[in-house]
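Per-entry structural report
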Amino acid sequence: MAESITEQRLAGGTRPELDLTHAEWQSSSQGVGDVQIAFVEGYIAMRNRRSPEIPALIFTPVEWHAFVLGARDGEFDLT
């Protein structure tokens, strides 16, 4: 039986290769920052708006949820 994407990734597997050519990229509603996200095939892609040619980061819904909770808790504040 094939491993799930999550099991493959936990074991050091590769990220899924998603076709992002028609992704609907969203920016902050406040218009601040350079990060954009898109919801594609059950995953969340994140890219730098100013450098869209650089490959996007791909997150599972569980990873994205953990990231959002960490950001809300100030886990990533560098000040």
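Residues numbered from 1 in each chain as written. Predicted model: local features only at pLDDT ≥ 70, side-chain atom pairs only at ≥ 80, totals over all residues. Heavy atoms only, no water.

Before going further, it helps to spend a moment on the nonpolar core. Soluble, globular proteins show a tendency: their nonpolar side chains are buried together. L18, A23, W25, A38, V40, Y43, A45 and I58 together form the largest nonpolar core, which totals 8 residues. Only β1 (35–40) and β2 (43–48) provide two or more residues apiece to this core. In this structure, I44, M46, F59 and W64 belong to the second largest nonpolar core, which totals 5 residues. (Core = buried A, V, L, I, M, F, W, Y, C linked by side-chain atoms within 4.5 Å. Buried < 20%, exposed > 50% of the residue type's maximum accessible area, 1.4 Å probe, protein only. Helix = DSSP H or I, 4+ residues; strand = E, 2+ residues; numbered from the N terminus.)

Attention shifts here to the pattern of salt bridges. This structure, assessed with the given rule, holds 2 salt bridges. Across the salt bridge formed by D34 and R49, the nearest N and O atoms sit 2.9 Å from each other. Remark: R49 occurs in the loop between β2 and β3 (57–59) and D34 occurs in the loop between α1 (5–10) and β1; sequence separation between them is 15 residues. For the salt bridge of R50 with D34, the shortest nitrogen-to-oxygen distance reads 3.0 Å. With a gap of 16 residues between them, R50 in the loop between β2 and β3 and D34 in the loop between α1 and β1 connect regions that are remote in the sequence. For R50, a relative accessible area of 61% gives the class exposed. Each of D34, R49 and R50 takes part in one network of salt bridges that share partners. (Salt bridge = Lys/Arg side-chain N within 4 Å of Asp/Glu carboxyl O.)

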